[in-house]
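Below, each chain spelled out in residue letters.
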Amino acid sequence: MATYLPTLKQLQYLVALKDHGHFGRAADACFVTQSTLSAGLRELESLIGITLVERTRRVVRFTPLGLRIAEKAQRVLREAEELGDLARAAGKPLSGDLRMGVIPTIAPFLLPRILPKLRSAWPDLKLYLREETTGAACDSLHRGHLDCVLLALPYHCGDIESVDLFLDRLFVAFPKGEMDGPARGIVADDIDESRLLLLEDGHCLKDHALAACNRPELRAEAAMLGTSLHTLVQMVDNGLGVTLLPKMALDAGILENTHVVAKPLDADHPARRIALAWRRGSPREKEFKLLADALREAE
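What counts, and at which threshold
Residues numbered from 1 in each chain as written. Predicted model: local features only at pLDDT ≥ 70, side-chain atom pairs only at ≥ 80, totals over all residues. Heavy atoms only, no water. Disulfide = S-S within 2.5 Å. Helix = DSSP H or I, 4+ residues; strand = E, 2+ residues; numbered from the N terminus. Buried < 20%, exposed > 50% of the residue type's maximum accessible area, 1.4 Å probe, protein only. Polar contact = N/O pair within 3.5 Å; in protein donor to acceptor, adjacent residues only side chain to side chain. Contact = heavy atoms within 4.5 Å. Core = buried A, V, L, I, M, F, W, Y, C linked by side-chain atoms within 4.5 Å. Axes fitted to C-alpha atoms, helices over the stretch in contact; angles between N-to-C directions. Parallel < 35°, antiparallel > 145°, perpendicular 65-115°, else oblique. Left-handed = near helix turned anticlockwise from the far one by under 90°. Nonpolar A, V, L, I, M, F, W, Y, C, P; charged D, E, K, R; others polar. Salt bridge = Lys/Arg side-chain N within 4 Å of Asp/Glu carboxyl O. Pairing = 2+ DSSP bridges.

Peer 1: Provide a residue-level description of the state of the cysteines, including the pertinent values.
Peer 2: The full count for this structure, using the stated rule, is one disulfide. Two residues, cysteine 138 and cysteine 157, share a disulfide whose sulfurs are 1.8 Å apart. Every disulfide takes its handedness from the sign of the S-S torsion; for cysteine 138 and cysteine 157 that torsion is -120°, giving left-handed. Of this pair, cysteine 138 sits in helix H6 (residues 134-143) while cysteine 157 sits in the loop between strand S5 (148-153) and strand S6 (160-175), and the two are 19 residues apart along the sequence. A residue is classified by how much of its surface remains accessible, and cysteine 157, at 5% relative accessible area, is buried. This cysteine, cysteine 204, is not joined by any disulfide, and cysteine 138 carries the nearest cysteine sulfur, 8.7 Å off.

Peer 1: Please provide a residue-by-residue account of the side chain of glutamine 10, values included.
Peer 2: For glutamine 10, the location among the structural elements is in helix H1 (residues 8-20). Since its relative accessible area comes to 9%, glutamine 10 is described here as buried. A distance of 3.0 Å separates the side chain of glutamine 10 from the backbone nitrogen of threonine 7, its partner in a polar contact. Excluding anything up to four places from it in sequence, glutamine 10 contacts Gly40, Leu41, Glu43, Leu44 and Leu47.

Peer 1: Give a description of the nonpolar core that names residues and reports values.
Peer 2: Counting 72 residues, the largest nonpolar core has Leu150, Leu151, Leu229, Leu276 and Leu291 as its most contacted members. Looking at this core element by element, the count peaks at eight residues for S6. Those residues in contact with leucine 276 that lie beyond four places of it in its chain are Met100, Cys148, Val149, Leu150, Glu161, Ser162, Val163, Leu165, Phe288, Leu291, Ala292 and Leu295. Leu17, Cys30, Leu44 and Val53 belong to the second-largest nonpolar core, a separate cluster that totals 19 residues.

Peer 1: Run through the packing of helix H5 (residues 107-121) against helix H11 (residues 285-298), naming residues and quoting values.
Peer 2: How two helices pack is summed up by the angle between their axes together with the distance between the axes. Look at H5 against H11: their axes get within 9 Å of each other, and the N-to-C directions meet at 125°. With respect to H11, the axis of H5 lies oblique. Considering the relative orientation of H5 and H11, their crossing is right-handed. Across the interface between the two elements, Ile114, Lys117 and Leu118 from H5 touch Leu291, Ala294, Leu295 and Ala298 from H11. Here the residues of the contact of H5 with H11 sort into six nonpolar, no polar and one charged.

Peer 1: Give me the pattern of salt bridges: which residues, what numbers.
Peer 2: Should their charged atoms come close, side chains of opposite charge can pair. Inspection of every chain in the model, using the stated rule, returns 16 salt bridges. A salt bridge links glutamate 161 to arginine 280; its shortest N-O distance comes to 2.7 Å. Of this pair, glutamate 161 sits in strand S6 while arginine 280 sits in the loop between strand S12 (271-279) and H11; the two residues are 119 residues apart in sequence, bridging distant segments of the chain. Judged by relative accessible area, which is 25%, glutamate 161 ranks as partly exposed. Assessed through its relative accessible area of 46%, arginine 280 is described here as partly exposed. Salt bridges sharing common partners tie together Arg99, Asp147, Arg284 and Glu287.

Peer 1: Quick one: what's the story with the pairing of S5, residue by residue and with numbers?
Peer 2: Of all six residues making up S5, six are buried, and the element is well covered by its neighbours. Of the two faces of S5, both are covered, the one formed by Cys148, Leu150 and Ala152 as well as the one formed by Val149, Leu151 and Leu153. Two strands pair when backbone bridges link them, and strand S3 (residues 96-102) and S5 are joined in this way by three bridges, in the parallel orientation. Paired with valine 102 across the bridge in S5 is leucine 150. Two strands pair when backbone bridges link them, and S5 and S12 are joined in this way by six bridges, in the antiparallel orientation. Bridge pairing in S12 links alanine 152 to isoleucine 274.

Function cannot be read off these values alone, since they describe shape.
Laid out in structure tokens, this is it:
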């Protein structure tokens, strides 16, 4: 008896529709027309004899079984992609395409410094970068949209392997004259919780900063409203409060042309760990460790 199996293309269409929730956007993501994607999904449903998606004019609604099959399809596509990874891993290291996610509190400060060195050391590497918050980057990693992620730990990113690159010290940034004094650092108890400005939810630096301060009341009192570190610096420069910045941002000149002063945070664990992470069991693990060495040397 012949067995008819879904094609990888059909599974790609299904996963794209699940991710985007819209036939047009899913078709754009697959670089096909909407009619082609729709026809491919109907062929898939006909092949397995099950309705996967309920179609209406306004919404796309997956059936319960359709959701389960879409999740399975995502894993199948990831496994299929890793077949190619096996071949690349056996060939020339750090060559060809590599998709790396980078979180927003690292990307603008570290990448300009390390990318030229990486291009020089590994000219055959085509590094595609995607800036996302840590949660989104970890999700993209496990969905197979990214090969690895440059992030800050600690953070629960699922079933991953990681290599620490370096420690990134946290500093307290404040308007000149507000917290000046002879002390080289600032202890967490000296931070006025009513004036503490932090990044909005979704940025792991907020959690790292709060954990370093070890003051539970700060989570409730701090104003969490900055969309970027540059925005926070402008708010501090205008006297609206104080914030916490990583050393890499200071080294990149984030305080230039401002009246903001920064001093090290005096705490038991005043730093975040910058690391490279990838899916556990990836066939490119040796490559990622080689990339981690290159990033560490470039930094």
